[in-house]
Amino acid sequence: MRFLNLVAVLLSVTFATWGVQPSMAQENLSTEEIKTIAEEAFIYSFPMVMGYGILYEYAVDVKSGQYKAPFNQIYNTARVYTPEDTAVVTPNSDTPYSFVWADLRTEPLVLSVPEVAKDRYYSVMLADMYTCNYGYIGSRATGNGAGTFMIAGPGWNGPTPEGIKKVFQCETEFSLVLYRTQLFGPDDINNVKQIQAGYKVQTLSSYLNKSTPAAAPEIQWPAIDKKLAEADPFAYLNFILQFCPTTGTAEVEKPLRARFAKIGIEAGKPFPLDKLTAEQKEALKAGVLGGLAKIKQKVYTLGKDENGWRVGGAQGDRAFYKADWTLRAAAAMAGIYGNDEVEALYPLLSTDSEGNKPDCSSKRYILTFSKGQLPPTNAFWSVTMYDGKTQLLIANPLNRYLINTPMLPDLKRNADGSLTIYVQKDSPGKDKESNWLPAPDGPIYVAMRLYWPKEEALNGNWKPPALVPTK
């Protein structure tokens, strides 16, 4: 199931079948309190349930059409993403991905990376079940030399084994390990495959040549589909929370969890379907809809407005979010599993130069970078086109989904040295087609990516140019 559809389901849930634990009655909550808690819980849960949907499609449901590999095994995508990849919204099409869904309940996982040529960017991003990024390996963070690292779950407190450069502690018992390897062009794919073959993943016991610990209990993974989501959406949060203990740095969540428990949200427990009064149903519905409205509003205001682009970091670790769960939810809605801004800066197009939402059903646009004003990076940059309705890549005659740094030698410059990208649904003509970024016949969603951005991009001295309508 496309996870984007699941998000839509969660946002249009039928409340007539909802239920809550008897604790709601015991707490004698007012309808206003129920509404407030439901709103907070929906905002808090949004990215976590979205992340679970991806985990389920990638590592559990072998028939999902998006399945990659079992837990603790690496899967290399030896190609860039295309419109056929639908599990994750706003995927990049710059860097072939590699994936590991790590099960850290029994023992840590050891990750080894090969030496990578200095001119090639790569990164390994570590994300927990909260969708927080808790560590990096790669060009910016650890360099391009070979190395061996370890990720450990929240309950592990053993010594650092010999040969391990760094231990990353995850707050949750499952983690996404997301690799991005730069591709210089279609004829470079075999080089990327060779690098991917050097990404090694093994359990700690295997790394140490010791006997394997007793396996963790088998999990009954709840399927995510429309029927289940409509019947009991907060059941997913209850399921996920059992793998998110309130220990270590996550101990700060205890008061929040206690508050959620008042309406039946508790780690590892079912979310029962009891009869509710009409007032309780309306309170829950109002809370969820209120939460959705706040997430959407936050998406529209992420970062600073720079020439119609929203520029600024929306992803990070627990300390970065400072308990701003609306920011975390908005980051997921805008593009789940994005990088910290020091790793990749994501200007997201909001409006054109006239202040209107860009739509290529009736308009054509140009995006012009002045001479010397291409996005400043230590690695590379790209401008990627998505369907404005789905935030997915779109099919087009050129099978071109972006304009990026490796394409610069084939792009035509203007007489003054500037570079113009033509953003429209139809070809601008053969003489300009090299600079054409094909668009859908309707609303567009455009993401710029600056991998390993330079300081002038991070401090705002560089600004993305406006998208200008043309006649």
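The structure displayed is predicted, hence computed values, not measured ones.

**Q** Any chance you could explain the packing of aromatic side chains here in plain terms?
**A** Within a pair of aromatic rings, the relevant descriptors are the distance that separates the centres and the angle that separates the planes. Scanning the entire structure with this criterion turns up 27 aromatic pairs. The structure contains a cluster of three or more aromatic residues connected by ring pairs, namely Y52, Y56, F71, F174, W221, Y236, F239 and F243. If you follow K68 out to its NZ or CZ, it ends over the ring of Y58, 4.9 Å from the centre. Between R140 and the ring centre of Y136, over which it is positioned, the NZ or CZ distance is 5.3 Å.

**Q** I would appreciate a short explanation of the domain arrangement of the protein chain in the present structure.
**A** Many structure descriptions define interface size as the accessible area lost when the parts assemble. Considered domain by domain, the protein chain is made up of domain 1 (1-61 + 223-301), domain 2 (75-208) and domain 3 (308-470). Listed as interface residues are 22 residues of domain 1 and, on the opposing side, 15 residues of domain 2. Of the roughly 1,700 Å² buried at the junction of domain 1 and domain 2 (both faces included), carbon and sulfur atoms supply 69%. At the surface where domain 1 touches domain 2, the tally comes to zero salt bridges. When residues in the side of domain 1 that touches domain 2 are grouped by element, the largest group, nine residues, is from helix α3 (residues 31-60). Within the side of domain 1 that touches domain 2, the residues separate by chemical class into 14 nonpolar, four polar and four charged.

**Q** Can you help me understand the UniProt feature "domain: DUF1254" (unreviewed entry) in the protein chain in this one?
**A** UniProt records the feature "domain: DUF1254" (unreviewed entry) at residues 71-202, using the numbering of this structure. In this annotation, residues 71-202 is assigned 7% helix and 36% strand; the end-to-end C-alpha distance for the span is 11 Å.

**Q** Before we go on, may I ask you to explain the pattern of salt bridges in this structure?
**A** A side chain with one charge may pair with a side chain of the opposite charge, provided their charged atoms come close. Across all of its chains, the model carries 16 salt bridges by this definition. Ionic pairing is found between K425 and D441, a salt bridge with its closest N-O pair at 3.3 Å. You can see K425 sitting in the loop between β17 (419-424) and β18 (436-438) and its partner D441 sitting in the loop between β18 and β19 (444-453), a full 16 residues away along the chain. The partly exposed category is assigned to K425, whose relative accessible area is 30%. Between K430 and E433 there is a salt bridge, with its nearest N and O atoms 3.5 Å apart. Looking at E433, the relative accessible area reads 14%, which means it is buried.

Cut-offs applied
Residues numbered from 1 in each chain as written. Predicted model: local features only at pLDDT ≥ 70, side-chain atom pairs only at ≥ 80, totals over all residues. Heavy atoms only, no water. Phe/Tyr/Trp six-rings, centres within 6.5 Å; stacked < 30°, edge-to-face > 60°. Lys NZ or Arg CZ within 6 Å of the ring centre and 35° of its normal. Domains from an automatic or database assignment. Contact = heavy atoms within 4.5 Å. Buried area = accessible area lost by both parts, 1.4 Å probe. Salt bridge = Lys/Arg side-chain N within 4 Å of Asp/Glu carboxyl O. Helix = DSSP H or I, 4+ residues; strand = E, 2+ residues; numbered from the N terminus. Nonpolar A, V, L, I, M, F, W, Y, C, P; charged D, E, K, R; others polar. UniProt positions renumbered as here; feature names shortened; annotations may be inferred. Buried < 20%, exposed > 50% of the residue type's maximum accessible area, 1.4 Å probe, protein only.

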